[in-house]
Amino acid sequence: SAVISQKPSRDICQRGTSLTIQCQVDSQVTMMFWYRQQPGQSLTLIATANQGSEATYESGFVIDKFPISRPNLTFSTLTVSNMSPEDSSIYLCSVVENEKLFFGSGTQLSVL
Amino acid sequence: DQQVKQNSPSLSVQEGRISILNCDYTNSMFDYFLWYKKYPAEGPTFLISISSIKDKNEDGRFTVFLNKSAKHLSLHIVPSQPGDSAVYFCAAPTSGTYKYIFGTGTRLKVLA
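1. A closer look at the pairing of strand E7 (residues 62-67) of chain B
Residues and elements named next belong to chain B. Across four bridges, the pairing between strand E6 (residues 56-59) and E7 is antiparallel. Within E7, the position partnered with Asn 57 by the bridge is Val 64. Here E6 folds back onto E7 in antiparallel fashion, the turn holding two residues, of which Gly 60 has a positive phi close to 65°. Here E7 pairs with strand E8 (residues 72-77) via six bridges, running antiparallel. Along E8, the bridge assignment pairs Phe 62 with Ile 77.

2. Some thoughts on the interface of chain A and chain B
Each partner contributes to the interface: chain A provides 19 residues, whereas chain B provides 18 residues. Between chain A and chain B lies a buried interface of about 1500 Å² when both sides are counted; carbon and sulfur atoms form 65% of it. Here chain A is connected to chain B by one salt bridge. Here Lys99(B) makes a salt bridge to Glu58(A), at a shortest N to O gap of 2.9 Å. Our count for the contact surface shared by chain A and chain B stands at seven residue pairs in polar contact (both at pLDDT 80 or more). Where the side of chain A that touches chain B is concerned, the elements lending two or more residues are strand E4 (31-37), strand E5 (43-50), strand E9 (89-97) and strand E10 (100-103) of chain A. Residue composition of the side of chain A that touches chain B, grouped by class: 10 nonpolar, six polar and three charged.

3. Notes on the sheet that holds strand E1 (residues 4-7) of chain A
Residues and elements named next belong to chain A. Read across the open sheet, the four strands follow the order E1-E3-E8-E7; overall the sheet is antiparallel. Only two strands of the sheet have a single partner each, and these edge strands are E1 and strand E7 (68-72). Put simply, the sheet's adjacent strands are angled 15° from each other on average, direction ignored. Two strands pair when backbone bridges link them, and strand E3 (residues 19-25) and strand E8 (residues 75-80) are joined in this way by six bridges, in the antiparallel orientation. Opposite Gln 22, over in E8, you have Thr 77 as the bridge partner.

4. Overview of the state of the cysteines
One covalent bond between the sulfur atoms of two cysteine residues makes up a disulfide. Counted according to the given criterion, the structure contains two disulfides over all chains. Here Cys23(A) pairs with Cys93(A) through a disulfide, and the sulfurs are 1.9 Å apart. Its S-S torsion of approximately 70° makes the covalent link between Cys23(A) and Cys93(A) right-handed. With a gap of 70 residues between them, Cys23(A) in strand E3 and Cys93(A) in strand E9 connect regions that are remote in the sequence. Using a relative accessible area of 1% as the deciding quantity, one classes Cys23(A) as buried. Residue Cys93(A) is classed as buried on the basis of its relative accessible area, which comes to 0%. Between Cys23(B) and Cys90(B) runs a disulfide, and the two sulfur atoms are separated by 1.9 Å. One disulfide, between Cys23(B) and Cys90(B), carries an S-S torsion of 70° and so falls in the right-handed class. Separated by 67 residues along the polypeptide, Cys23(B) in strand E3 (residues 19-25) and Cys90(B) in strand E9 (residues 86-93) bring together distant segments of the chain. Exposure class is identical for Cys23(B) and Cys90(B). Each is buried. Free of any disulfide, Cys13(A) has its nearest neighbouring cysteine sulfur in Cys93(A), separated by 17 Å.

5. Quick word on the sheet that holds E8(B)
All names here are of chain B. In spatial order, the strands read E1-E3-E8-E7-E6; together these five strands make up an open sheet with antiparallel pairing. Edge positions in the sheet fall to strand E1 (4-5) and E6, since each has one partner strand and no second. In the sheet, E3 pairs with E8 via six bridges, with the strands oriented antiparallel. Note that in E8 the partner of Asn 22 across the bridge is Ser 74.

6. Observations regarding the environment of Ser51(B)
Residue and element names in this part refer to chain B. In this structure, Ser 51 sits in strand E5 (residues 45-51). Residue Ser 51 is classed as partly exposed on the basis of its relative accessible area of 25%. Along the backbone, Ser 51 and Gly 103 are 52 residues apart, and their C-alpha atoms lie at a distance of 17 Å. Excluding residues that lie within four positions of it along the chain, Ser 51 makes contacts with Asp 31, Tyr 32 and Leu 66.

About the cut-offs
Residues numbered from 1 in each chain as written. Chains lettered and ligands numbered in written order. Predicted model: local features only at pLDDT ≥ 70, side-chain atom pairs only at ≥ 80, totals over all residues. Heavy atoms only, no water. Pairing = 2+ DSSP bridges. Helix = DSSP H or I, 4+ residues; strand = E, 2+ residues; numbered from the N terminus. Contact = heavy atoms within 4.5 Å. Buried area = accessible area lost by both parts, 1.4 Å probe. Salt bridge = Lys/Arg side-chain N within 4 Å of Asp/Glu carboxyl O. Polar contact = N/O pair within 3.5 Å; in protein donor to acceptor, adjacent residues only side chain to side chain. Nonpolar A, V, L, I, M, F, W, Y, C, P; charged D, E, K, R; others polar. Axes fitted to C-alpha atoms, helices over the stretch in contact; angles between N-to-C directions. Disulfide = S-S within 2.5 Å. Buried < 20%, exposed > 50% of the residue type's maximum accessible area, 1.4 Å probe, protein only.

Structure follows, in C-alpha cells:
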C-alpha cells in the first residue's frame with residue numbers, strides 16, 4: 001500500500017494566521033484527498049486534489065479558506081487560511097488504492 | 001443527513017471476549033463497505049472490507065457481517081486484545097465516486 005508522509009504532525013496557531021500542511025506519497029497517484037476530523041466527529045472530505053487542474057471542493061468548503069496545491073503526482077498541500085478556533089481539527093491527506101483509502105498520519109491543529 | 005451511522009460512541013470489553021461494533025447506513029446505493037481503526041495521533045488504517053454481494057468477510061480475528069435488508073453491518077473481533085483499543089470507523093464510498101462517507105466512530109476499550 002502507498003506510504004503517505006504528512007507534516008507538520010501538530011501545530012498550535014494564533015487566530016487570523018494560516019498554516020500549510022504538506023503531504024508526500026511514495027508513488028504517483030492521480031487523485032489525493034483532504035479530510036478533516038473535528039473533535040468527536042466523523043471524517044469529512046474537504047476536497048479532491050488532481051494534478052494539473054483545480055481542486056474539487058465539497059459542499060461547505062471553499063478555495064479561499066482551504067487553498068490546495070497539487071504540483072505533481074506525488075505531492076499536495078492544503079492551507080488553512082485566516083484560522084479561527086473552529087478550525088481546530090485533525091487534517092488528513094489520503095489516496096485510494098484498490099478501492100481502499102490510505103491515510104497519512106494527520107495534522108493535529110489547535111487554533112487559539 | 002448522516003448516511004453512515006455508528007450509534008455507540010464507546011464500548012468496553014474484557015480481553016479474550018468478543019467485541020461487536022455496529023454500523024447502519026441509509027443509502028441503498030452503497031455497494032462496498034470498509035472498517036478503519038484509528039489510534040491517537042495516527043491516521044486511520046484500513047482493517048477489513050466487504051462487498052454488497054457478500055454477507056460475510058473474515059480476516060484472522062476480524063469478521064465483518066453485512067445485512068443488506070436491514071442496512072446494517074457489524075465488525076466482530078475475536079478474541080479481543082488490549083492492542084485493539086482504538087476508535088473504529090465504518091465507511092462507504094458513494095457509488096461511482098471516490099467520496100467516502102464515514103461514521104462517527106466507536107471507541108473500543110479492551111480491558112486486560
